[in-house]
Amino acid sequence: MGDPSEKGQRALLNEGEENEMEIFGYRTQGCRKALCLAGSIFSLGLLPLVFYWRPAWHVRAHCVPCSLQDADVVLLRSTDEFQTYSRKKVMWIHLSALHSTMGLTPDHPLITDEEYVINRAIQKPDLKVRCIKIQKIRYVWDNLEGHFQKVGSLEDWLTSANIHLKFGSGLTREEQEIRRLICGPNTIDVEITPIWKLLIKEVLNSFYVFQLFSVCLWFSEDYKEYALAIIIMSVISIALTVYDLRQQSVKLHRLVESHSSITVSVCERKAGIQELESHFLVPGDLLLLTGNKVQMPCDAVLIDGNCVVDEGLLTGESIPVTKTPLLRMGGLVPWKTQGDADYKRHVLFCGTEVVQARGAGAGFVRAVVLQTEKNNDYLYVLKILPTHKTSKNNDYLQNDFLVQEPPEEVVKKALDAITIAVPPALPAALTTGIIYAQRRLQKRGIFCISPQRINVCGQLNLVCFDKEVHSFASGSPLPWGPLCAAMASCHSLILLDGTVQGDPLDLKMFEATNWEMHISGDDVHIKDVPAHAMVVKPCKTANQVPAEGIVILHQFPFSSALQRMTVIVQEVGGDRLAFMKGAPEKVASFCQPETVPTSFISELQIYTTQGFRVIALAYKKLEADHHFTALTREKIETDLIFLGLLILENQLKAETNAVLEELISARIRTVMITGDNLQTAITVARKSGMVSGNQKVILIEAIEASGSSAASLSWKLVEETKHPVCGNQDHYINIRGEGPGDDTEGSYHFALTGKTFQVVSQHFSSLLPKILINGTIFARMSPGQKSSLVEEFQKLDYFVGMCGDGANDCGALKMAHVGISLSEQEASVASPFTSKTPNIECVPHLIKEGRAALVTSFCMFKYMALYSMIQYVGVLLLYWETNSLSNYQFLFQDLAITTLIGITSSPSPQGNSLVFQHVKEILSSRPTQSNVSFDLLTAASRSIDWEFDACTVGNESISEVVISPNSPERQDSNSAFASFENTTIWFLGTINCVMVALIFSKGKPFRQPTYKNYVFVLVLVIQLGVCLFILFADIPELYRRLDLLCTPVLWRIYIVIMLGSNFIVSLVVEEAIIENRALWMVIKRCFGYQSKSPYQIWQRALAKDPSWPPLNQTSYCDMPECGRGVSYSNPVFESNEEQL
């Protein structure tokens, strides 16, 4: 776009966020607008159509650049690779209406505090606000900062003390009115789009405009039949699309309407509790939650009470999540960063369901509205229609044609050639494979919300797994003691409809105690115990237990960042205690050193190396004279007494080994990304087959930079040990090392923790790609680190798939090329694919379907391109003879042949197994464009040969063949098209289209064999039979309808011989050359061709490096910036985005 002509014309909107975009200011100019209006009239509406397709041209034609402060129109450009443009008008919000109702003046106290964005957006003394609306989100002009800023949420700089002080008692009626007017209603305004709008938008699609041009051209040439057929198909396609869009619009409107029509209780500062419709909520309102099963109409931060929330709509996992209140703390630290724990544990997200709400004592659960409008991110996908460039005709051919035809006919024929070279059915043919694949996936319980990703599944060469490869098993119940009390109470389980629900690990731990869970009632009378608190009691069949029960007073939920959880409990008739559960290393660090056994490290290593899940437990007694709400987490989590280790066996799921074996044998990398202990992850990787028995595991440990000491990395070889405690022998699958080149590649694997990954990313950027090439085990990874790791793999040109449970993996699932959420729900916003079967069996099926769909689309592209070229070359050759194909001849080829083939060739199902050959090799490793060009040139050369033979028969050698007595001469035909050349070329082209469809119908290894697609084979047989019948029928009426001549019988036999020879040659060329992988490998080796993918370049470089991998060494960071928060940049990845 160039440099802005005025200062402040360009800015970044949502900088650093996923929906980041550039914004440019423009001011409408009257003379430009008048010129554009005149151009629209004189161009008969063509100019507005161009402006509709190109919003940037519309803005630049109507407006002049100016600063954003003075702009009345803004131009938006996304900062992703697509660089999508859109335009928005600047609107004004007038607050003058509030002057009469509440006496609002420019110096009113409610709008003078400029710490808040809402007040800074009000222009004084006019009392109006400039704003724009993008993707249903309102942005206001910040007069102090001088940029557009999102409104509709509380400021991020607010501290917990600010939130409690400013909003803890609710807003006044006047504050609500101001915020409601500026922020807008608490709803996503999803109207039911009228059918006429959907129709116009669909018809103005560039493809349908091209079809309209083609239809008009065909009507001018009296090609009415095919034009009507295209119109009928287009009308059906448009009608189905409009119907589908209308249904989606209605469903979305009803969904939003159901959320917006919720009645909520709001506490106003002066008026008290009020009942409001949820669309009247504003940021800062104080919500009161009183009962169960409350659906959140907005994002709210919990400030009092506890909630149990079902976040299945967001994460795909319906495990209840406990939300705790945001404590009021001093200091100036923003509330989101005031503690070590994730701030999201205090937030009730919009769309989630509050299944339980428990207030402190008999009070309400209070939550401050954090954000009213949901930030919806729309995915813009550019569908590129492939076109074929036609070669220029020779001058003498053009001159000969120009002499014999009127100029208007020359123009028509030239335009007609364009419609032949770009077939109108091409986009539909390319998407048929995706449609059939989506239906097959749905039958397997795999649901897709982004069908375009199905083709991407076929290119996956690396799949990351979370901990879904194993399940937990527990032992017999424990006797009474502090350890049993900790297992019975230190968890996040809830009692919902009489059923204990929660995390599977917590469930196993609780079941081992043989206790029961209840809600406190009249039978529990303890000082300071809130009503309806959670109580755990020993069941009747349990052994003699002195305690009547344990009341859970307060929870500090588990956080993946903190790696621990803590609870405050009260024994019925006993002491007040605090229990901690979490990662052994983390829990031991909070315990009194003398209570931690000296053999702690060795014992921990023994169990983790056997693949057990190990959790440590600790406790301490608390003084009962303080209310538990006054105790902070920091005070409780000190001087604990170490209780012991809880051992849970990681049993591999039955399908895990077979799935991983299938993936690894197909040379698809498998990587484990988990939050578990490193030793446990290594053992699970060995048992599952990610690391086979003859491969080494190298442990990378990092020490962060501190003071004058630089960051360092140590490289240690992990020895596999056998322990007699484990009853079952580990079974390792040796499925690597079949090839001669596998001695170096894949003979070792790196294992590291999230902490090490963070240090490497910050201080050892040159080593990061080397580590990732063989990095297989990543343990103790936080959700953010999982996303970063997936992104780093993508920078190395891997096509990454991520399979997770949807809870802590949302970021990684969205970041990956293909995200697969294992959930019992049909769809999740966390990933494009959701499997109802909660195991990893869906991964191979998804890859196989993706490969089948991708190969189908590629084969259809080749077929449509060659069909167009055959018809295009045939028409040009007939133009040379001042002839052409007739309408019925075109109709037969376009409808009876190509359309039927396009419909029936795609349903071929996936192959039975994954193979080593990747689809990416077919699409990119070989020079595919050259292959297609070779096919096209071959077809063109054959067409020229046919034309030469046809001319020879028609003009010179017709007397040399035996002419049938019933064969009419060209002069006796009333048709302007009937000729020997026309008949010969039409038969050759039509039957060749049928044969090409069979040749390009690729079966193994990615799809089932062609003969198993019975409908497709039947269609080809019928088409070939009909063509041969017409060729040898000698039916005058049929030939007259098709504008054909009855050629000599011997010449018809020649045609069959030529077609048979062409079929054999084409089949040999396709199978022995084009699809011969071994031949292309030899050619690549002869010419020294090597893949340019970054990860393969690194693999070749590391294979030649004798010093890699380093063992029993320590690497130090020698960068001068080390230890000062160096920002990471990967030198391997070069972004092609515009530098801002």
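All figures in this text were calculated on a predicted structure; none of them were measured in a lab.

Draft legend 1. Just the overall build of the chain, in detail. Scanning the chain for helices and strands turns up 36 helices and 40 strands. Here the chain holds 1140 residues, and the buried ones make up 52% of them. Residue pairs at least 24 apart in sequence account for 72% of intrachain contacts in the chain once pairs closer than 6 positions are excluded. For the chain, the accessible area works out to roughly 52,700 Å², and carbon and sulfur atoms hold 56% of it.

Draft legend 2. Spatial organisation of empty space enclosed by the protein. Tallied over the entire structure, the rule returns 9 cavities of 30 Å³ or more. Roughly 90 Å³ of volume is contained in the second largest cavity. Residue lining of the second largest cavity: Thr 856, Cys 859, Met 860, Tyr 863, Ile 901, Ser 905, Ala 997, Phe 1000, Ser 1001, Arg 1007 and Phe 1016, and that is the complete set. When residues of the lining of the second largest cavity are assigned to their parent elements, the largest contribution, 4 residues, is made by helix H27 (residues 842-880). Counted by class, the lining of the second largest cavity contains 7 nonpolar, 3 polar and 1 charged residues.

Draft legend 3. Quick look at the sheet that holds strand E37 (residues 800-804). Strand order in the open sheet formed by 11 strands is E20-E39-E38-E37-E21-E32-E36-E35-E33-E34-E40, with mixed pairing between adjacent strands. Two strands in the sheet have a free side with no partner beyond their single neighbour: strand E20 (446-448) and strand E40 (1113-1116). Strand-to-strand, the axes of this sheet are offset by a mean angle of 20°, without reference to chain direction. In the sheet, strand E32 (residues 669-673) pairs with strand E36 (residues 775-779) via 2 bridges, with the strands oriented parallel. Note that in E36 the partner of Met 672 across the bridge is Ile 777.

Draft legend 4. Up close: the nonpolar core. In this structure, Tyr 863, Ile 897, Ile 901, Trp 986, Phe 987, Ile 1030 and Leu 1044 are the most contacted members of the largest nonpolar core, which totals 43 residues. Elements represented by at least two residues in this core include exactly H27, helix H28 (887-904), helix H31 (980-1000), helix H32 (1014-1033) and helix H34 (1049-1074). Broken down by element, the residue count for this core peaks at 14 residues, all from H27. Once residues within four sequence positions are removed from consideration, Ile 901 is found in contact with Tyr 863, Cys 993, Val 994, Ala 997, Phe 1016, Leu 1020 and Gln 1023. Core analysis: the next-biggest nonpolar cluster, separate from the first, contains 42 residues, Ile 446, Leu 460, Val 684 and Cys 803 among them.

Draft legend 5. Layout of a nonpolar patch on the surface. Together, Leu 1024, Leu 1028, Phe 1032, Val 1049, Leu 1050, Ile 1053, Tyr 1054, Val 1056 and Ile 1057 give the surface a local cluster of nonpolar side chains, amounting to about 670 Å² of exposed area. Broken down by secondary-structure element, the contributors of at least two residues to the nonpolar patch are H32 and H34. Tallying contributions element by element places H34 first for the nonpolar patch, with 6 residues.

Draft legend 6. Fine view of the packing of aromatic side chains. The tally for this structure, following the rule as stated, stands at 16 aromatic pairs. Ring geometry for Phe 778 and Phe 793: centres 6.3 Å apart, planes at 90°, overall edge-to-face. Of the two residues, Phe 778 sits in strand E36 while Phe 793 sits in helix H25 (residues 783-795), which places them 15 residues apart along the sequence. Under the relative-accessibility criterion, Phe 793 is labelled buried at 0%. Its guanidinium or amino end placed over the ring of Trp 57, Arg 54 lies 6.0 Å from that ring's centre, counting from NZ or CZ. Geometry around Trp 141 places Arg 130 over its ring, the cationic atom sitting 5.4 Å from the centre.

Draft legend 7. Quick look at the pattern of salt bridges. Summed over the entire model, instances satisfying the criterion amount to 21 salt bridges. Glu 268 is the salt-bridge partner of Arg 173, the closest N and O atoms lying 3.4 Å from each other. Separated by 95 residues along the polypeptide, Arg 173 in helix H7 (residues 173-183) and Glu 268 in strand E10 (residues 263-268) bring together distant segments of the chain. A relative accessible area of 43% places Arg 173 in the partly exposed class. Among the ionic contacts, a cluster of salt bridges with common partners joins Arg 10, Glu 22 and Arg 77.

Draft legend 8. Spotlight on the sheet that holds strand E9 (residues 147-150). Reading across the sheet, the 4 strands line up as E6-E7-E8-E9 and stay open at both edges, with antiparallel pairing between neighbours. The two strands at the open ends of the sheet, each matched to only one other strand, are strand E6 (91-94) and E9. This sheet shows a mean twist of 40° between the axes of neighbouring strands, independent of strand direction. Pairing between strand E7 (residues 128-134) and strand E8 (residues 137-142): 4 bridges, direction antiparallel. By the bridge assignment, Lys 133 is partnered in E8 with Arg 138. Contacts between H7 and the sheet are confined to E6, E7 and E8, with E8 contributing the most and set at about 105° to the helix.

Draft legend 9. Local environment of the state of the cysteines. On inspection of all chains with the given rule, the structure shows 0 disulfides. Cys 298 provides the cysteine sulfur closest to Cys 350, a residue in no disulfide bond, and the two sulfurs are 6.6 Å apart. Owing to a relative accessible area of 8%, Cys 350 belongs among the buried residues under this scheme.

Draft legend 10. Spatial organisation of helix H1 (residues 30-42). A rise of 1.5 Å per residue sets the reference length of H1, with its 13 residues, at 18 Å; its end C-alpha atoms lie 19 Å apart and thus fit the reference within 8%. Leu 44, located one to two residues past H1, shows a positive phi value of around 60°.

Draft legend 11. Region of interest: helix H19 (residues 600-609). Those residues of H19 that sit buried are Phe 600, Leu 604, Thr 608 and Thr 609. Looking straight down H19, one finds that the buried residues subtend no more than 145° of arc, so they occupy a single side.

Draft legend 12. Spatial organisation of the packing of H27 against H28. H28 packs onto H27 with a crossing angle of 170° between their chain directions and a minimal axis gap of 12 Å. With respect to their mutual orientation, H27 and H28 come out roughly antiparallel. Residues Met 860, Tyr 863, Met 864, Tyr 867, Gln 871 and Val 875 of H27 pack against Phe 890, Gln 893, Asp 894, Ile 897, Thr 898, Ile 901 and Gly 902 of H28. Along the lines of polarity and charge, the residues of the contact of H27 with H28 split into 8 nonpolar, 4 polar and 1 charged.

Draft legend 13. Broad picture of the side chain of Arg 77. If you trace the backbone, Arg 77 turns up in strand E4 (residues 73-78). Overall, the relative accessible area of 4% leaves Arg 77 in the buried class. At a separation of 2.6 Å, a polar atom in the side chain of Arg 77 contacts the side chain of Glu 22. Reaching out from Arg 77, the side chain makes a polar contact with the side chain of Tyr 85 at a distance of 3.1 Å.

Draft legend 14. The arrangement of the confidence of the model for the chain in detail. Considering every residue of the chain, the mean pLDDT works out to 75; 76% of them sit at 70 or more. When the elements of the chain are averaged for pLDDT, helix H12 (residues 395-404) gives the smallest value, 34, and strand E3 (residues 63-65) the largest, 92. For residues 924-934, every residue scores under 50 in pLDDT, and the model assigns this stretch 19 contacts once sequence neighbours within four places are set aside. Every residue in residues 1120-1140 scores below 50 in pLDDT, and together they form 35 contacts with partners more than four places removed in sequence or on other chains.

Draft legend 15. How the structure looks around unusual backbone geometry. Between Lys 124 and Pro 125 the backbone carries a cis peptide bond, its omega angle lying at 10°. You can see Pro 125 is positioned in the loop between helix H5 (117-120) and E7. Here Trp 1108 and Pro 1109 are connected by a cis peptide whose omega angle stands at 0°. Mapped onto the elements of the fold, Pro 1109 is located in the loop between helix H36 (1094-1103) and E40. A positive phi angle, close to 55°, is found at Asp 639, a residue other than glycine. With respect to the helices, strands and loops of the structure, Asp 639 is situated in the loop between helix H20 (633-636) and strand E31 (641-652). Assessed through its relative accessible area of 52%, Asp 639 is described here as exposed. Look at Asp 797: it is not a glycine, yet its phi comes out positive at around 75°. Along the polypeptide, Asp 797 turns up in the loop between H25 and E37.

Cut-offs used in this document
Residues numbered from 1 in each chain as written. Predicted model: local features only at pLDDT ≥ 70, side-chain atom pairs only at ≥ 80, totals over all residues. Heavy atoms only, no water. Helix = DSSP H or I, 4+ residues; strand = E, 2+ residues; numbered from the N terminus. Buried < 20%, exposed > 50% of the residue type's maximum accessible area, 1.4 Å probe, protein only. Contact = heavy atoms within 4.5 Å. Areas by Shrake-Rupley, 256 points an atom, 1.4 Å probe, with all protein chains shown as cover. 1 Å grid on protein atoms, 1.4 Å probe; cavity = no way out; pocket = protein on both sides within 12 Å on 5 of 7 lines; lining within 4 Å. Points joined across faces, edges and corners; volume = space filled by probe spheres on them. Nonpolar A, V, L, I, M, F, W, Y, C, P; charged D, E, K, R; others polar. Pairing = 2+ DSSP bridges. Axes fitted to C-alpha atoms, helices over the stretch in contact; angles between N-to-C directions. Core = buried A, V, L, I, M, F, W, Y, C linked by side-chain atoms within 4.5 Å. Patch = residues over 30% accessible without salt bridge, like charges linked within 9 Å, V, L, I, M, F, W, Y side chains within 5 Å. Salt bridge = Lys/Arg side-chain N within 4 Å of Asp/Glu carboxyl O. Phe/Tyr/Trp six-rings, centres within 6.5 Å; stacked < 30°, edge-to-face > 60°. Lys NZ or Arg CZ within 6 Å of the ring centre and 35° of its normal. Disulfide = S-S within 2.5 Å. Expected span 1.5 Å × (residues − 1). Arc of directions from axis to C-beta. Parallel < 35°, antiparallel > 145°, perpendicular 65-115°, else oblique. Polar contact = N/O pair within 3.5 Å; in protein donor to acceptor, adjacent residues only side chain to side chain. pLDDT = per-residue confidence, 0-100.

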